[in-house]
Amino acid sequence: MGVANWSLEQGAPQAGRTAVVTGANTGVGLEVARGLATLGATVVLACRNTEAAAAARHDILRSAPAAHIDVVQLDVSDLASVRACADELRAGYPVIDILVNNAGVMHQTRQLTVDGFEGDFGTNFLGPFALTGLLLDRVLASDVGRIIAVSSKTHRSGRIAFDDLTLEGSFTAGAAYTQSKLAQLMACYELQRRLESVGSPTISLAAHPGGTRTSILREQSGAVRWVFNRRARYLTGWFTQGPAAGALPMLRAATDPAAVGGQFYGPGGRFEQIGPPVLVRAAGRAQDVDAQQRLWKVAEELTGVTYVLTREPS
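Remember, predicted model here, so these are calculated numbers, not experimental data. (Residues numbered from 1 in each chain as written. Predicted model: local features only at pLDDT ≥ 70, side-chain atom pairs only at ≥ 80, totals over all residues. Heavy atoms only, no water.)

Draft legend 1. Spotlight on the packing of aromatic side chains. Counted by the stated rule, this structure contains five aromatic pairs. Aromatic side chains F121 and F125 sit 5.2 Å apart centroid to centroid with 55 degrees between the ring planes, which places their arrangement in the tilted category. Here F125 and F121 lie together in helix 4 (residues 119–140), a separation of four residues that amounts to about one turn. The same class applies to F121 and to F125, which are both buried. (Phe/Tyr/Trp six-rings, centres within 6.5 Å; stacked < 30°, edge-to-face > 60°. Helix = DSSP H or I, 4+ residues; strand = E, 2+ residues; numbered from the N terminus. Buried < 20%, exposed > 50% of the residue type's maximum accessible area, 1.4 Å probe, protein only.)

Draft legend 2. Expanded view of the side chain of S81. Structurally, the position occupied by S81 is in helix 3 (residues 79–92). Excluding residues that lie within four positions of it along the chain, S81 makes contacts with Q73, L74 and D75. (Contact = heavy atoms within 4.5 Å.)

Draft legend 3. Looking closely at the nonpolar core. Of all hydrophobic cores here, the largest spans 51 residues; its most connected members are L89 and F125. Among the secondary structure elements, those contributing two or more residues to this core are strand 2 (42–47), helix 3, helix 4, strand 5 (146–150), helix 5 (173–197) and helix 10 (289–303). Setting aside chain neighbours within four positions, we find F125 in contact with D120, S180, A183, Q184, A187, L295 and A299. If you look at the next biggest cluster of nonpolar residues, it comprises 38 residues, including V21, A67, M250 and L251. (Core = buried A, V, L, I, M, F, W, Y, C linked by side-chain atoms within 4.5 Å.)

Draft legend 4. Structural detail: the pattern of salt bridges. In the structure shown here, the tally under the stated rule is eleven salt bridges. Between E190 and R194 there is a salt bridge whose closest N-O contact spans 2.8 Å. With E190 and R194 both in helix 5, this residue pair falls four residues apart, about one helical turn. For E190, a relative accessible area of 3% corresponds to the buried category. A salt bridge links R252 to D256; its shortest N-O distance comes to 2.8 Å. On the basis of relative accessibility, which here comes to 6%, the residue D256 falls in the buried class. Each of E31, R34, D59 and R62 takes part in salt bridges that share partners, so that together they form one network. (Salt bridge = Lys/Arg side-chain N within 4 Å of Asp/Glu carboxyl O.)

Draft legend 5. Quick peek at the sheet that holds strand 3 (residues 68–73). Strand order in the open sheet made by the eight strands is 3-2-1-4-5-6-7-8, with mixed pairing throughout. The strands lining the two open edges of the sheet, one partner per strand, are strand 3 and strand 8 (277–279). Strand-to-strand, the axes of this sheet are offset by a mean angle of 20 degrees, without reference to chain direction. With two bridges connecting them, strand 6 (residues 203–207) and strand 7 (residues 264–267) associate as parallel partners. Directly across from A207, in strand 7, lies its bridge partner Y265. Set on the sheet, helix 1 (residues 27–38) makes contact with strand 1 (18–22), strand 2, strand 3 and strand 4 (98–101); between it and strand 1 the angle comes to about 170 degrees. Its contacts with the sheet place helix 4 against strand 1, strand 4 and strand 5, and it is angled at close to 175 degrees to strand 4. (Pairing = 2+ DSSP bridges. Axes fitted to C-alpha atoms, helices over the stretch in contact; angles between N-to-C directions.)

Draft legend 6. How the structure looks around the pairing of strand 4. Residues I98 and V100 point to one face of strand 4 and L99 and N101 to the other, with burial holding for every one of them. Here strand 1 runs beside strand 4; their pairing, made up of three bridges, is parallel. Note on strand 4: the bridge partner recorded for V21 is V100. As judged from the four bridges shared by strand 4 and strand 5, these two strands associate in the parallel manner.

Encoded structure:
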């Protein structure tokens, strides 16, 4: 299981390395970006709202004044925006050492993206899938590249509705969200297998933030919304944590020298809701190779993005 009480100070120094963090203007994404900047990385905040991202940049610089922080516009729910962002990143960064696919949503009503995908599936899975594929050669150019999928412990109740991916006939907020988070994890494992097949030193990992107090947690169900009531806040420490703590599983996946491809990190405390980051287990269906490969083909078809991997010279 590795270090049981891992903290950011145990992450490898990141000076000279470049990290891209999506959805980095607030919450967990902001704290992941702050942590990477603290360790010395050049960090690119890839966000839909560039004004909010600029404010996040100034916030990070207050705590890490020597950091190098850039901002690019990215709406992961829109494949045109994903391609434009990838073009901008490719033009500015010949090497991307860390890609953290953090941006995500949880819609309470059935919505379609501009490309016609179910909102959660398109935003949480297909957009990051496309972005990763479009930037893959930049990550492969790193000596030790890492691609981090930010999933959720709720993936365990997810199902991939291959026959109805837009959930036209079976939408619930929970079904949409858990499907998207299961898909992220399945693709993470499939990508790792593909990287291994060509002998690449780049690795694919996953992490989840547990019960972190973010907008996503507020949307997950009426049963958890009460934790944001000020009168109940004193109880929330039992099963929720702040964004800085919630960011640690992603930061461990991104910077722990002992991390290896295919690992999944989450909080090690109560019900994987809180606590320092440790290795956690994925649901059995997330590890179904046939389903992973089927999902991968679907994602390539829907996004028009094919991953190009070549075997390393011996």
